[in-house]
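Single-letter residue listing:
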Amino acid sequence: FPTFATARLLHFARSCNMQRQQSEALFEEAKRYFPGGVNSPVRAFRSVGGTPLFFEKGDGCHVWDADGQRYIDFCCSWGPLILGHNHPKVREAIVDAVGLGTSFGAPTRKENELARLILDNNPYIEMIRFVSSGTEAVMSAIRLARGVTGRPLVIKFEGCYHGHVDALLVKAGSGLSTFGISSSAGIPEAVANDTIVVPLNDKRALEVAISDYAHDIAAVIIEPIPANNGLLLQTKEYLEFLRDITRRHGILLIFDEVISGFRVGFSGAAGYYDIRPDIITYGKIIGGGMPVGAYGASRDIMRHIAPEGDVYQAGTLSGNPVAMAAGRAQLAECLQPDFYQDQAQRTEAFVGRLNRFAIAQQLPFKVFSIGSIFWFAFTATEEIRSSDEIDPKSMEHFRALHKVLLERGIYLGPSGYEVGFVSSAHTEAVLSEAAGLIEAALAAVFNRSAEGVA
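Description of the structure in this document.

Criteria and cut-off values
- Residues numbered from 1 in each chain as written.
- Predicted model: local features only at pLDDT ≥ 70, side-chain atom pairs only at ≥ 80, totals over all residues.
- Heavy atoms only, no water.
- Axes fitted to C-alpha atoms, helices over the stretch in contact; angles between N-to-C directions.
- Helix = DSSP H or I, 4+ residues; strand = E, 2+ residues; numbered from the N terminus.
- Parallel < 35°, antiparallel > 145°, perpendicular 65-115°, else oblique.
- Left-handed = near helix turned anticlockwise from the far one by under 90°.
- Contact = heavy atoms within 4.5 Å.
- Nonpolar A, V, L, I, M, F, W, Y, C, P; charged D, E, K, R; others polar.
- Pairing = 2+ DSSP bridges.
- Buried < 20%, exposed > 50% of the residue type's maximum accessible area, 1.4 Å probe, protein only.
- Polar contact = N/O pair within 3.5 Å; in protein donor to acceptor, adjacent residues only side chain to side chain.

Let us look at the packing of helix H4 (residues 109-121) against helix H11 (residues 321-334). Viewed as axis vectors pointing N to C, H4 and H11 meet at an angle of 30 degrees, and their least axial separation amounts to 9 Å. As far as their axial angle goes, H11 and H4 are roughly parallel. The chirality of how H4 crosses H11 is left-handed. Listed contacts from H11 to Lys110, Glu111, Glu113, Leu114, Leu117 and Ile118 of H4 are Pro321, Met324, Ala325, Gly327, Arg328, Leu331 and Ala332. Looking at side-chain class alone, the contact of H4 with H11 contains 8 nonpolar, 1 polar and 4 charged residues.

Before going further, it helps to examine the sheet that holds strand S1 (residues 55-59). To summarise the sheet geometry, strands pair through backbone hydrogen bonds and adopt either a parallel or an antiparallel arrangement. If you trace the 4 strands from one edge of the open sheet to the other, you get S1-S2-S3-S16, paired in mixed fashion. Either end of the sheet is taken by a strand with one partner, and the two such strands are S1 and strand S16 (410-411). Relative to S16, strand S3 (residues 70-73) is paired through 2 bridges, and the arrangement is parallel. Of the residues in S16, the one forming a bridge with Ile72 is Ile410.

Mapped onto the fold, His162 is located in the loop between strand S5 (153-158) and strand S6 (170-171). Look at His162 and you get buried, because its relative accessible area is 2%. There is a polar contact of 2.7 Å between the side chain of His162 and the side chain of Asp256. In this view, His162 contacts Thr135, Val138, Lys156, Leu168, Ile221, Ile222, Glu223 and Asp256; residues no more than four positions away in its chain are not counted.

Our next topic: unusual backbone geometry. Here the amide bond leading from Ala306 into Pro307 is cis, since omega sits at 10 degrees, within 30 degrees of zero. Even without glycine at this site, Lys284 takes up a positive phi of about 50 degrees. Structurally, Lys284 can be placed in the loop between strand S12 (279-283) and strand S13 (293-297). Here Lys284 falls in the partly exposed class, since its relative accessible area comes to 27%.

Here it is, written out as structure tokens:
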């Protein structure tokens, strides 16, 4: 990588006069209330440095911080805001629902309406169960797989994140395929040992693990579009291999589509690749910005869940009427003709411009994308399919880029391992503006000219 001109970037940052007085004061107060001053670790800006921004308002593709500064937002609340902030139909649905009550702990019509909308337009599941988060959906799906198969073990892939479920918050040990090692304090070794971790994009490793433990493996779980540790796009052939090998050994295949579900298409990665897993987990988008999650499968599998079956799962706020109303309003918009084609086309034009700029300027930078998901990688390689192919040193360049982009009015999630999102509110004009700002920021980071490539 080119040498990073730290002093020059610091001078640039000072010259932009970005105001953070309110965010800094709020963060100092927050540190008295919350561990690290935040309620989710990445928000603390530890990966990028500086004070986390406190946001006051969002509208369309823009957000405003506590100091009144506006940004083009590519975080989109980590994905669920596919229509952008404060979409009028979603907002009206939420207001109407709140006017009738916020929670009942009992069934409501709105659960039926959202479930019908999903199931009528997603041929890869036949029944669904709503929960309150993606983590809860994955936890429940794992329990369901164990209940259906009567087996204890689960296989996950290094580089895939499935929420803070104890058994899945593990990393690989040494060797081709190993039992998990806890990546967080507070997880007993016995729990980690229920999970086998194998590398992504490595057929041999999975074959070895299944050969050694086939009769004890309940499920293989994967993000079919891994998007929590870079955007590690897998080939359709590899995902078909997973479907085939799990089916041959009576192992359930779980697609964790908390990010990809309803984002790359209404039927998610399952529809994008035309592969039918046994269980699919969802989150984010189906709540229109409200807390939500879900898991779905065939009727035969879902009938193992209580009260119909003996796999217990419950939640007071499951199917919350406000979240159901918001989700239905949002997903109805996603079903409009050419919605996903338009999302993909605008994203491809945005990504293509940045990649042409990087090539013209001979920068070790590439934007990977699928649908309306993208990821900034500081690399000269054409593909990255596993987490060990990401150079940790490249995160210093993201750190520098993030600082410069904030000064120029672009907000990305504060981690170089996280992906960005384009919403329907990101018009061609906004994306062109953003691309120009990003090109100038890259030029500042690499001390190059920003002239040139449109």
